[in-house]
Amino acid sequence: MSQLPAPGLPDIHKIVMVRFSFMATLNELTEKAVSGAELSREDVSGAMRALLDDAVAEDAKADFLTALARKGETAGEMAAFALELRSRAVDPKIDPAQF
C-alpha cells in the first residue's frame, strides 16, 4: 500500500511523500470499509500509522473511523487494532513493589 520515498530525495520531500502516503492510505482504507470489505492486518497497520500521524487531517481520520463503525468491526479487525496498539505501548517502568 504505502511506499517509502525514493533514496536521494531531500529530507523534506521524503517527509511530504510519506505523509501524503499515509493520507492516501487512509482514504483507500475508508473506501474499503465503506464497501464492506474486511481490513487485513496490513491494512490495520497502515490505518494506525495514519491515525497517529499529526499531519493527517482530522476529517480524514473521522471519515475512516466512521466508515469502520458503520461497517461493523470484525473480530479480526479488533484483534489487529489491539495488536497494533500493544506494539506501540510504552512500559512506564513502574515498580510493583512501591505499591
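Here, every reference points to the structure presented above.
This text gives an overview of the structure that appears in the document.

Cut-offs and rules
- Residues numbered from 1 in each chain as written.
- Predicted model: local features only at pLDDT ≥ 70, side-chain atom pairs only at ≥ 80, totals over all residues.
- Heavy atoms only, no water.
- Helix = DSSP H or I, 4+ residues; strand = E, 2+ residues; numbered from the N terminus.
- Buried < 20%, exposed > 50% of the residue type's maximum accessible area, 1.4 Å probe, protein only.
- Contact = heavy atoms within 4.5 Å.
- Polar contact = N/O pair within 3.5 Å; in protein donor to acceptor, adjacent residues only side chain to side chain.
- Salt bridge = Lys/Arg side-chain N within 4 Å of Asp/Glu carboxyl O.
- Expected span 1.5 Å × (residues − 1).
- Arc of directions from axis to C-beta.

With respect to the element layout, Glu-38 can be found in the loop between α1 (11–34) and α2 (41–52). Take Glu-38: its relative accessible area is 46%, and that puts it in the partly exposed class. Each residue touching Glu-38, except ones within four places of it in the same chain, is listed here: Lys-32, Asp-43, Lys-71, Thr-74, Gly-76 and Glu-77. Within the local environment of Glu-38, its side chain forms a polar contact with the side chain of Thr-74, the two groups lying 2.9 Å apart.

Note on placement: Glu-77 falls in helix α4 (residues 75–88). On the accessibility criterion, Glu-77 (0% relative accessible area) is buried. One polar contact links the side chain of Glu-77 to the main-chain amide nitrogen of Leu-39, over a distance of 2.7 Å. Excluding residues within four positions of it along the chain, Glu-77 makes contact with Ala-37, Glu-38, Leu-39, Val-44, Leu-68, Lys-71 and Gly-72.

This part is about the pattern of salt bridges. Following the criterion strictly, the structure yields six salt bridges and no others. Among the ionic pairs, Glu-58 bridges to Lys-61, the shortest N-O distance being 3.8 Å. Placement of both Glu-58 and Lys-61 in helix α3 (residues 58–71) is noted, with a separation of three residues, approximately one turn of the helix. Here Arg-88 makes a salt bridge to Glu-84, at a shortest N to O gap of 2.5 Å. One end of the pair, Arg-88, and the other, Glu-84, are both in helix α4, four residues apart, so they sit about a helical turn from each other. Under the relative-accessibility criterion, Glu-84 is labelled buried at 7%. Residues participating in the shared-partner salt-bridge network are Arg-41, Glu-84 and Arg-88.

This brings us to α4. Compared with an ideal rise of 1.5 Å per residue, which puts 14 residues at 20 Å, α4 spans 20 Å between its outermost C-alpha atoms and is within 8% of the ideal. When we look at burial in α4, the residues that qualify are Glu-77, Ala-80, Phe-81 and Glu-84. Buried residues of α4, viewed axially, fall in a sector of 100°; they line one side. Opposite the packed face of α4, turned more than 90 degrees from it, sit the exposed residues Ala-75 and Arg-86.

Within the element layout of this structure, Asp-53 appears in the loop between α2 and α3. Remark: the alpha-carbon pair of Asp-53 and Met-23, spanning 30 residues in sequence, is separated by 9.3 Å.

On their own, these measurements won't tell you what the molecule is for.
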